[in-house]
Amino acid sequence: MPTCSPVFPRTSARPWSASTKTRSKPSWPLAASDAPHGACVTPAPRRGAGISESTGTVMVVAVEYISKEASTGVEAAEHGVTGILAVQGAFAEHAAMLDRLGAPWKLLRTAEDFDDAIDRVILPGGESTTQGKLLRSTGLFEPIAEHIAAGKPVFGTCAGMILLARKLDNDDNVYFGALDAVVRRNAYGRQLGSFAATADFGSASGESAVVVGPGERVPRDSPSGVVLKDFPLVFIRGPFVAEVGPAATVETSVDGNVVGLRQGNILATAFHPELTEDTRIHELFLGL
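Computed from a predicted structure; not experimentally measured.

Colleague: Quick rundown of the overall build of the protein? Include the residues and the values.
Modeller: Tallying secondary structure elements over the protein gives five helices and 16 strands in all. Relative to its full complement of 288 residues, the protein shows a buried share of 56%. Of all intrachain contacts in the protein linking residues separated by at least 6 positions in sequence, the fraction that spans at least 24 positions is 69%. Surface summary for the protein: the accessible area is close to 11800 Å², and the carbon and sulfur share equals 50%.

The following block contains the structure:
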């Protein structure tokens with residue numbers, strides 16, 4: 001087994017800003033016991049490992065996810081399955097998170113994997129340019145684009161947010177173009193610019209807001225009015241939103257930069273909730 005060290009610490013050493021937001025730089029290297037979901041840096045990628053939007057850093061979950069293509073019993077499901085784009089990136093971490101919630105899922109590697117049982121789609125973090133090319137070559141771009149156009153739920157994290165944006169302010173590529181926002185790739189710089197933060201997630205306010213704290217479950221009947229208190233945000237060479245269009249709603253910001261959006265059944269984050277122990281954003285997504 002390779003020696004590995006985790007991507008981020010669990011605690012913040014250098015708080016900043018108001019009480020609802022803290023930010024810290026990761027300390028290098030870290031003890032293996034501090035890794036979220038056992039996330040590690042290893043010298044070479046392997047099947048089932050997620051590669052960040054960095055220079056090949058690999059986050060590895062439990063060894064079973066190296067070869068696991070779907071949740072148990074998903075072959076018999078006729079609906080309710082989450083398809084996780086698995087051409088490149090941190091797809092295994094999302095699969096592990098859905099297993100924790102008991103939600104059926106399958107990996108999407110080719111167009112043939114996208115079937116009528118899929119009700120929602122996750123676009124994981126990774127390298128967006130590579131993912132964009134592989135979406136075309138595998139034939140997955142068209143069925144996912146049709147899924148989004150039909151108003152069905154989709155969740156993009158980091159590179160997934162880039163794929164969803166209608167425009168990038170530092171790249172001429174446009175992929176699905178469904179999210180009414182202009183996104184900046186690699187907005188936080190190189191890998192050493194990665195950091196962890198804490199902030200509330202959700203745009204609801206007043207009596208309509210349903211506040212869900214750490215360790216609490218998100219009500220399935222009120223996802224649009226939910227505010228997730230003190231959510232841990234993990235950024236790995238992430239983007240942020242340079243411009244928000246009228247169709248999208250800001251769900252969270254860090255240091256004045258928008259890093260979470262919602263637009264109908266589209267959910268997009270510049271950070272990686274799948275690299276934490278907190279399931280609340282995935283619960284929110286499953287309620288769309």
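Colleague: So, the pattern of salt bridges: which residues are in play, and what are the values?
Modeller: In a structure, side chains of opposite charge can pair up when their charged atoms sit close to one another. Taken as a whole and judged by the stated rule, the model has 14 salt bridges. Notably, a salt bridge pairs Lys106 with Asp115, separated by 3.0 Å at the nearest N-O pair. Taking relative accessible area as the criterion, Lys106 reaches 16% and is therefore assigned buried. Its relative accessible area of 32% is what places Asp115 among the partly exposed residues. A salt bridge links Asp200 to Lys229; the nearest nitrogen and oxygen atoms lie 3.0 Å apart.

Colleague: Please provide a residue-by-residue account of helix H2 (residues 128-137), values included.
Modeller: For H2, the full list of buried residues reads Ser128, Gln131, Gly132 and Leu135. For H2, the buried positions fall inside an angular range of 100° around the axis, keeping them on one side. H2 presents Lys133 and Ser137 as exposed residues on the side facing more than 90 degrees away from its buried surface. Capping the start of H2, Glu127 holds a side-chain oxygen 3.1 Å from the backbone nitrogen of Thr129, two or three residues further along. After H2 finishes, the residue Gly139 shows a positive phi value of roughly 80°.

Colleague: Any details on the nonpolar core? Residues and values, ideally.
Modeller: Counting 71 residues, the largest nonpolar core has Leu123, Ile144 and Phe235 as the members making the most contacts within it. The element best represented in this core is helix H1 (residues 91-101), accounting for six residues.

Colleague: Describe the side chain of Thr279, naming the residues involved and giving the relevant values.
Modeller: Its place among the elements puts Thr279 in the loop between strand E16 (266-269) and helix H5 (280-286). Those residues in contact with Thr279, other than ones at most four positions away along the chain, are Met97, Arg100 and Leu101.

Colleague: Summarise the confidence of the model for the protein; cite the residues concerned and give the values.
Modeller: A residue-level look at the protein finds 77% of positions with pLDDT of 70 or above and a mean pLDDT of 82. Note that residues 1-22 has pLDDT below 50 and, in this model, 75 contacts with residues that lie over four places away or in other chains. Taken together, the stretch residues 25-59 has pLDDT below 50 and engages in 124 contacts with residues farther than four places along the chain or on a different chain.

Colleague: Just give me the short version of the side chain of Thr82, but keep the residues and values in it.
Modeller: Its place among the elements puts Thr82 in strand E4 (residues 81-85). Leave out the neighbours within four places in its chain, and Thr82 touches Leu98, Pro104, Trp105, Lys106, Arg120, Ile122, Phe285 and Leu286.

Colleague: Could you give an account of H1, naming the residues involved and the relevant values?
Modeller: Burial runs high along H1: nine of the 11 residues are buried. Among the residues making up H1, those that are buried are Phe91, Ala92, Glu93, His94, Ala95, Ala96, Met97, Leu98 and Leu101. In the stretch just after H1, Gly102 is the one whose phi turns positive, near 70°.

Colleague: Explain the pairing of strand E14 (residues 249-254) to me, and be specific about the residues and the numbers.
Modeller: Inspection of the sheet shows E14 paired to strand E15 (residues 257-263) by five bridges, in the antiparallel sense. Residue Val254 lies in a different strand from E15, and its bridge partner there is Asn257. Where E14 folds back on E15, the antiparallel hairpin that results is connected by two residues, among which Asp255 adopts a positive phi of roughly 55°.

Colleague: Describe the pairing of E16, listing the residues and the values that go with them.
Modeller: Of the two faces of E16, both are covered, the one formed by Ile266 and Ala268 as well as the one formed by Leu267 and Thr269. Note: strand E7 (residues 154-157) against E16, four bridges, orientation parallel. Note that in E16 the partner of Thr157 across the bridge is Thr269. Here E15 runs beside E16; their pairing, made up of four bridges, is antiparallel. The partner of Gln263 across the bridge, within E16, is Ile266. Counting the residues in the hairpin turn of E15 and E16 gives two residues, including Gly264, whose phi is positive at 60°.

Colleague: Explain the packing of aromatic side chains to me, and be specific about the residues and the numbers.
Modeller: By the definition in use, this model includes seven aromatic pairs. For the pair Phe155 and Phe285, a centre-to-centre distance of 5.4 Å together with 40° between the ring planes defines the contact as tilted. Of the two residues, Phe155 sits in strand E7 while Phe285 sits in helix H5, which places them 130 residues apart along the sequence. Just as Phe155 is buried, Phe285 falls in that class too. With 6.3 Å between their ring centres and 45° between their planes, Phe231 and Phe271 make a pair best called tilted. Here Phe231 is found in strand E12 (residues 226-235), whereas its partner Phe271 is found in the loop between E16 and H5, with 40 residues between them in sequence. Each member of the pair, Phe231 as well as Phe271, is classed as buried. The positively charged end of Arg120 is found above the aromatic ring belonging to Phe285, 5.4 Å away from the centroid. One residue, Arg136, lies across the ring of Phe141, its end atom 3.6 Å from the ring centre.

The rules behind each value
Residues numbered from 1 in each chain as written. Predicted model: local features only at pLDDT ≥ 70, side-chain atom pairs only at ≥ 80, totals over all residues. Heavy atoms only, no water. Helix = DSSP H or I, 4+ residues; strand = E, 2+ residues; numbered from the N terminus. Buried < 20%, exposed > 50% of the residue type's maximum accessible area, 1.4 Å probe, protein only. Contact = heavy atoms within 4.5 Å. Areas by Shrake-Rupley, 256 points an atom, 1.4 Å probe, with all protein chains shown as cover. Salt bridge = Lys/Arg side-chain N within 4 Å of Asp/Glu carboxyl O. Arc of directions from axis to C-beta. Polar contact = N/O pair within 3.5 Å; in protein donor to acceptor, adjacent residues only side chain to side chain. Core = buried A, V, L, I, M, F, W, Y, C linked by side-chain atoms within 4.5 Å. pLDDT = per-residue confidence, 0-100. Pairing = 2+ DSSP bridges. Phe/Tyr/Trp six-rings, centres within 6.5 Å; stacked < 30°, edge-to-face > 60°. Lys NZ or Arg CZ within 6 Å of the ring centre and 35° of its normal.

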